[in-house]
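Residue-level structural notes
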Amino acid sequence: MSLKLARYDLGQLGKTLATRTKGREAGNEAAGRLADEGRLLLNFHGVDVASPPFLDELVRALRAVLTTGEQRWLLVAGANEDVEESLQMVLERQKMALVVMKDEQMELLGGSSQLTETLVAAQKMESFTAPELAEHLQLKLPALHQRLNALLEAGALARVDDPTSTRGRRHKYHAPSKDEVTEVAGDPGKLRTVMQT
Amino acid sequence: MQDTQDEDAEDDEASTPTGVRHLGRVLRGQKSLGAAAGLLRPASPQLTFDGRALRQVDAFGAVFLRAAVDVHLARGPAHSVSLIEPEDPAVFGTLHDLMGGLALPSRCSWAGLEPTPRRSDQVVVPAGPLVTQKDLDAVVDFALPAALSALGHGQRVARVAQEAAAVLLDNAIVHGGGSPMFCTHFDAATCNVQVVVFDRGGFPSDDDGSALRDVVARIRDGDGGLSGLSDQRYKGVMYILRLSWGRGRASYPVRDRRWRSSSVREALPAFVGSIEINR
């Protein structure tokens, strides 16, 4: 499955993103794009500083879209170590996680080690049902569903109805790998360049 | 980290009917707040700031002096300012660069009693007003990090300075009205990079320091941009945040993670926010 994603460049707002007002404006714009496109790359390339108040507003706005129940996918890229640390702090305070590209790997920022373990397993399986992943992780289903919901809220997984289900409604989950992600606008090589800078 | 509040003050500022104001021996750190009210007072149209006895000056002194110059010039088209240079060549060199060298506003000039000094490598951004949002963005996003990097202060120090400058300037523009005064300087005496923002934001005439205490309470509650600098996010970088407004004074050494507030007798007719980053 190939995922194309739109991109929101925070660097266009400036190199120093430090105020709540700016965070609210960025949050509204980014959330709007995520709501419209369904899949978004949040690009921090070119940003020197992103303060917790700015990120707090940005994350709140994105969270409101991610928790609507519709399929959404969100990836963070291009953050320097100080921005990443500030983002981690804000995500922990908001009890939320996001997927971030680091050194060509997709990692979870703000989540627990169990959540990261679940995402890693999900990425290896790529497409799975909850019972399949539960068996792989040797977890009870309710515990796994809690983790899957957190990952859906983080924009790290896609969920669709399982068409093969014969009894009741069942979902199939998909955890895209980095290789499956391409940018929807512009040069497909641009995303790789973004992630490498 | 040496605290600029520990400096001995030897202000002997006085105004005379001929419009001469003496800058005294020390125009630096928190001690310069005491001189600020005097510097900003109305004077006769031809005003002279006599800096001959000056022995210490930094970004704090520079923003007050530059603000005093601009305020005086704005009082009338016939108003002018003459700056008498400090006799100490090193101090004159620092003050000269802090005030923007030869790029003083029109109707303001150096007295010309001392030769133009060599450029100092310690002034990062000279004291001056930021009039438009574009000015602010240019300074915070480009001039400040470029200058700090060129002077060897490191990326992380630059990021702390950028964040503080952005927040303090935003606060000054939103709440202060008018163009804030801004200066960044490496103070070798304390080994601190100083970022100072000054605005003439009004305060209640009967202020007992409570106006600033309310500001600090909001920061503690996570409101406002400065709350972001209350966390020790920048590994290995120590700094002190300071706020002064009316009779209120507040400081936040990041290693202590606690705001300290106090009140003073003489009110400052301005809001001054600063960060001093230890190198």
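Just so it is clear, the model here is predicted, and its values are computed rather than measured.

The next point concerns the pattern of salt bridges. Two side chains that carry opposite charge are able to pair once their charged atoms sit near each other. All names here are of chain A. By the definition in use, this model includes 21 salt bridges over all chains. For R20, the salt bridge goes to D56, with nearest N and O atoms at 3.1 Å. Separated by 36 residues along the polypeptide, R20 in helix α1 (residues 20-37) and D56 in helix α2 (residues 52-66) bring together distant segments of the chain. On the basis of relative accessibility, which here comes to 17%, the residue R20 falls in the buried class. For D56, a relative accessible area of 11% puts it in the buried group.

All right, on to the environment of S210 of chain B then. Mapping S210 of chain B onto the fold places it in helix α6 (residues 210-220). In the structure, S210 of chain B is positioned 22 residues away from Q232 of chain B in sequence and 27 Å away in space, judged by C-alpha atoms.

Residues and elements named next belong to chain A. As summarised here, the arrangement of the three strands in space is β8-β10-β9, forming an open sheet in which the pairing is antiparallel. Looking at the sheet topology across the chains shown, the edges are occupied by β8 (127-128) and β9 (158-161). With two bridges joining them, β8 and strand β10 (residues 171-174) adopt antiparallel strand pairing. Considered in β10, the bridge of F128 is made with Y173.

Here the focus is the environment of G248 of chain B. Residue and element names in this part refer to chain B. Within the secondary structure, G248 sits in strand β10 (residues 239-253). In this structure G248 comes out as buried when scored by relative accessible area, which is 0%. Here the alpha-carbon distance between G248 and G24, two residues 224 residues apart in the chain, equals 24 Å. Setting aside residues no more than four positions away along its own chain, G248 makes contact with D207, G209, L212, L243 and S262.

Interface size is commonly expressed as the accessible surface area that is lost when the partners come together. Residue-level contacts link 19 residues of chain A with 20 residues of chain B. Taking both partners together, chain A and chain B bury about 1,600 Å²; carbon and sulfur atoms supply 46% of that area. Looking at the side of chain A facing chain B, the largest losses of area belong to T16, D82 and E85 of chain A, adding up to 29% of the total buried there. For D82 of chain A, the salt bridge identified is with R159 of chain B, shortest N-O distance 2.6 Å. Inspection of the region where chain A meets chain B yields ten residue pairs in polar contact (both at pLDDT 80 or more). Counting only elements with at least two residues in the side of chain A that touches chain B, the list comes to β4 (49-50), α2 and α3 (81-93) of chain A. Take the side of chain A that touches chain B: its biggest share by element is six residues, from α3 of chain A. Its residues assigned to classes, the side of chain A that touches chain B comprises six nonpolar, six polar and seven charged.

Our next topic: the confidence of the model for chain A. Detailed conclusions should not be drawn from predicted coordinates in areas where pLDDT is low. All names here are of chain A. Here chain A shows a mean pLDDT of 85. Residues at 70 or above account for 86%. The low-confidence segment residues 184-189, where pLDDT is below 50, has three contacts with residues more than four positions distant or belonging to other chains. Considering only residues more than four positions removed or in separate chains, one finds that residues 192-197, a stretch of pLDDT under 50, has ten contacts.

Residues and elements named next belong to chain B. With 47 residues, the main nonpolar core has F182, L229, Y239, L243, I275 and I277 as its most contacted residues. Put simply, the parts of the chain that give this core at least two residues each are β7 (123-129), α4 (133-150), α5 (155-176), β8 (181-187), β9 (192-199), α6, β10 and β11 (260-278). For this core, the element with the most residues is α5, which contributes eleven residues. A68, W110, M181 and V272 belong to the second largest nonpolar core, which has 41 residues in total.

Glancing now at the layout of surface pockets. The calculated volume of the largest pocket comes to roughly 890 Å³. When residues of the lining of the largest pocket are traced back to their parent elements, those giving at least two are α1 of chain A together with α4, α5, α6 and β10 of chain B. Examining the composition of the lining of the largest pocket, we find that ten residues originate from one element, α5 of chain B, more than from any other. For the lining of the largest pocket, the class distribution of residues is 16 nonpolar, eleven polar and ten charged. Here the second largest pocket is characterised by a volume of approximately 270 Å³. Together, twelve residues line the second largest pocket, and Q30, L33, G34, R249 and V264 of chain B are the ones closest to its centre. At the level of secondary structure, the elements contributing two or more residues to the lining of the second largest pocket comprise α1 (32-40) and β11 of chain B. Sort the elements by how many residues they give to the lining of the second largest pocket and β11 of chain B lands first, with five residues. Within the lining of the second largest pocket, the residues separate by chemical class into four nonpolar, four polar and four charged.

A separate point is the packing of aromatic side chains. On inspection of all chains with the given rule, the structure shows five aromatic pairs over all chains. Each ring, one from F128 of chain A and one from Y173 of chain A, has its centre 5.8 Å from the other, and the planes form 15°; the classification is stacked. Of this pair, F128 of chain A sits in strand β8 while Y173 of chain A sits in strand β10, and the two are 45 residues apart along the sequence. For the residue pair F128 of chain A and Y173 of chain A, the accessibility class agrees, reading buried in each case. Seen in terms of ring centroids, Y252 of chain B and W259 of chain B are 5.2 Å apart; in terms of plane orientation they differ by 45°. Their pairing is tilted. An identical accessibility class is assigned to Y252 of chain B and W259 of chain B; each is buried.

Conventions used here
- Residues numbered from 1 in each chain as written.
- Chains lettered and ligands numbered in written order.
- Predicted model: local features only at pLDDT ≥ 70, side-chain atom pairs only at ≥ 80, totals over all residues.
- Heavy atoms only, no water.
- Salt bridge = Lys/Arg side-chain N within 4 Å of Asp/Glu carboxyl O.
- Helix = DSSP H or I, 4+ residues; strand = E, 2+ residues; numbered from the N terminus.
- Buried < 20%, exposed > 50% of the residue type's maximum accessible area, 1.4 Å probe, protein only.
- Pairing = 2+ DSSP bridges.
- Contact = heavy atoms within 4.5 Å.
- Buried area = accessible area lost by both parts, 1.4 Å probe.
- Polar contact = N/O pair within 3.5 Å; in protein donor to acceptor, adjacent residues only side chain to side chain.
- Nonpolar A, V, L, I, M, F, W, Y, C, P; charged D, E, K, R; others polar.
- pLDDT = per-residue confidence, 0-100.
- Core = buried A, V, L, I, M, F, W, Y, C linked by side-chain atoms within 4.5 Å.
- 1 Å grid on protein atoms, 1.4 Å probe; cavity = no way out; pocket = protein on both sides within 12 Å on 5 of 7 lines; lining within 4 Å.
- Points joined across faces, edges and corners; volume = space filled by probe spheres on them.
- Phe/Tyr/Trp six-rings, centres within 6.5 Å; stacked < 30°, edge-to-face > 60°.

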